[in-house]
Amino acid sequence: MNNAGLLEKKVCLITGTSRGIGRAIAERYAEEGAIVYANARTKGSIDEWSAECSVKNQTIVTPLYFDVTDYAAAKQAVLQIIKEQKRIDILVNNAGIVTHELLSMIQLESLRKMFEVNVVAMIQLIQIISRVMSRQKSGSIINISSIVGVKGITGQLAYSATKGAVISLTKSAAKELASQNIRVNSIAPGMVDTEMCSADSDKSFLERLSNIGMGRLGKPVDIANASVFLGSDLSEYISGQILGVDGCSII
Ligand code: NDP
């Protein structure tokens, strides 16, 4: 991928970068010249990768270890970024979890956990970081939702409900924050080839694959490229939008 410098020196926080889509977003952001704060849960787990990514792209990629559901730790992480960079230009809320349960099988505990990670933690981070962005009078927030939050799906009612919530909170946050010049958008991926998706390799998976117009799974970099656009000044007049990146899926 060519580095066009679309995010040159922009300070960004990306959650859930230990693998999958979050990792791809962090790498594309570094390629575009961003100063990346990469969140992961397990201490030390992304030290090696972040050091390599910094050198390769001649930028700074700093690991920030916290669980997104831990409000105090998230706040501390944001304070560290402000101390080091004095600003935050982009927040990518990517961390998420999924369960595959039919309506009759949904466990309350996993339902609550999924809302906690996919929705509550996202709102909390937006709350913390939008205060910083308000003072700057600029910022871009990108929330990763899902095609199933738009269209629904059998066997993932709880997950799709969390992603529907991400879509509506994105639209409301965009309305509240527009006057501060803070943009809030969401990317709604279709099926993307990551661990999350391969855990779903049953018959319905194959059926859904056949519903992708372009005939292939998404790659993490497909989502990362859309995130570059929404984080960059190319999209400076775009807010409150849900961008489907799904290879023309019809599920
Ligand atoms: P993966 O399961 O591959 O990665 C999820 C990431 O989120 C991991 O880095 C994981 O960290 C992190 N994470 C989970 N819980 C927490 C937490 N409490 N605190 C911090 N980090 C956490 O998923 P994908 O890369 O596929 O998905 C990324 C996003 O894209 C998710 O929001 C997902 O819902 C969404 N999405 C994915 C699709 C797909 O087909 N793959 C389709 C549509 C949307 P750890 O290693 O510690 O578990």
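Refer to the structure printed above.
Residues numbered from 1 in each chain as written. Predicted model: local features only at pLDDT ≥ 70, side-chain atom pairs only at ≥ 80, totals over all residues. Heavy atoms only, no water.

**Q** I'd love a proper account of the overall build of the protein chain, names of residues and values included.
**A** Within the protein chain one finds nine helices and seven strands. Taken over the C-alpha trace, the protein chain has a radius of gyration of 17 Å; the compact-globule value for 251 residues is 18 Å, and the two agree within 12%. Expressed along its principal axes, the backbone C-alpha trace of the protein chain runs to roughly 50 × 40 × 35 Å. Sorting the 251 residues of the protein chain into buried and exposed places 50% on the buried side. (Helix = DSSP H or I, 4+ residues; strand = E, 2+ residues; numbered from the N terminus. Rg over C-alpha atoms; globule rule 2.2 N^0.38 Å. Buried < 20%, exposed > 50% of the residue type's maximum accessible area, 1.4 Å probe, protein only.)

**Q** Any details on the pattern of salt bridges? Residues and values, ideally.
**A** One pass over the full model with this rule turns up six salt bridges. With a shortest N-O distance of 3.6 Å, Arg19 and Glu195 are connected by a salt bridge. One end of the pair, Arg19, is in the loop between strand E1 (11–14) and helix H1 (20–31); the other, Glu195, is in helix H7 (residues 195–198), with 176 residues separating them in the sequence. What makes Glu195 exposed here is its relative accessible area of 53%. With a shortest N-O distance of 2.8 Å, Arg28 and Glu31 are connected by a salt bridge. Of this pair, Arg28 and Glu31 both sit in helix H1, three residues apart, roughly one helical turn. For Arg28, a relative accessible area of 5% corresponds to the buried category. What makes Glu31 buried here is its relative accessible area of 17%. If you follow the salt bridges from partner to partner, you end up with Arg28, Glu31 and Glu32 in one network. (Salt bridge = Lys/Arg side-chain N within 4 Å of Asp/Glu carboxyl O.)

**Q** If you had to explain a nonpolar patch on the surface to someone new, which residues and values would you point to?
**A** Taken together, Leu6, Phe229, Leu234 and Leu243 make up a surface patch of nonpolar side chains, about 320 Å² in accessible area. Its place among the elements puts Phe229 in helix H9 (residues 220–231). (Patch = residues over 30% accessible without salt bridge, like charges linked within 9 Å, V, L, I, M, F, W, Y side chains within 5 Å. Areas by Shrake-Rupley, 256 points an atom, 1.4 Å probe, with all protein chains shown as cover.)

**Q** Give a description of the site of the ligand that names residues and reports values.
**A** Around the ligand lies a shell of 28 residues, among which Ser18, Arg41, Asn94, Tyr159 and Thr194 are the nearest. In the environment of the ligand, an oxygen atom lies 2.8 Å from a nitrogen or oxygen atom belonging to the backbone of Val192. Between an oxygen atom of the ligand and a side-chain N or O atom of Thr194, the distance comes to 2.5 Å. A total of 890 Å² of accessible area belongs to the ligand in isolation, and the protein chains cover 93% of it. Comparing atom positions with the cavity grids shows the ligand to sit within the largest pocket. Elements that contribute at least two residues to the shell around the ligand include exactly H1, helix H6 (157–177) and H7. Tallied by class, residues from the shell around the ligand come to 13 nonpolar, eleven polar and four charged. (Near = heavy atom within 4 Å. Polar contact = N/O pair within 3.5 Å; in protein donor to acceptor, adjacent residues only side chain to side chain. 1 Å grid on protein atoms, 1.4 Å probe; cavity = no way out; pocket = protein on both sides within 12 Å on 5 of 7 lines; lining within 4 Å. Sits in = over half its atoms within 2 Å of the grid points. Nonpolar A, V, L, I, M, F, W, Y, C, P; charged D, E, K, R; others polar.)

**Q** For empty space enclosed by the protein, give the residues involved together with the corresponding values.
**A** In the structure shown here, the tally under the stated rule is two cavities of 30 Å³ or more. The wall of the largest cavity is formed by Thr15, Val68, Asn93, Asn94, Ala95, Val117, Asn118, Ala121, Met122 and Leu125. It is helix H4 (residues 108–136) that contributes the most residues to the lining of the largest cavity, five residues altogether. Residue composition of the lining of the largest cavity, grouped by class: six nonpolar, four polar and no charged. (Points joined across faces, edges and corners; volume = space filled by probe spheres on them.)

**Q** Please set out the layout of surface pockets residue by residue, giving values where relevant.
**A** The computed volume of the largest pocket comes to approximately 930 Å³. In terms of lining residues, the largest pocket is bounded by 42 residues, among which Asn94, Gly96, Ile97, Thr194 and Met196 are the most central. Secondary-structure elements contributing two or more residues to the lining of the largest pocket are H1, strand E2 (35–40), H4, helix H5 (147–151), H6 and H7.

**Q** Account for helix H2 (residues 47–57), naming residues and giving values.
**A** Considered for burial, the residues of H2 that qualify are Trp49, Ser50, Cys53, Ser54 and Asn57. Buried residues in H2, looked at end-on, bunch into an arc of 135°, giving them a common side. Exposed side chains of H2 directed beyond 90 degrees from the buried face belong to Glu48, Val55 and Lys56. Among the structural elements, H1, E2 and strand E3 (61–65) are those in contact with the buried residues of H2. Just beyond H2, the residue with positive phi is Gln58, at close to 50°. (Arc of directions from axis to C-beta. Contact = heavy atoms within 4.5 Å.)

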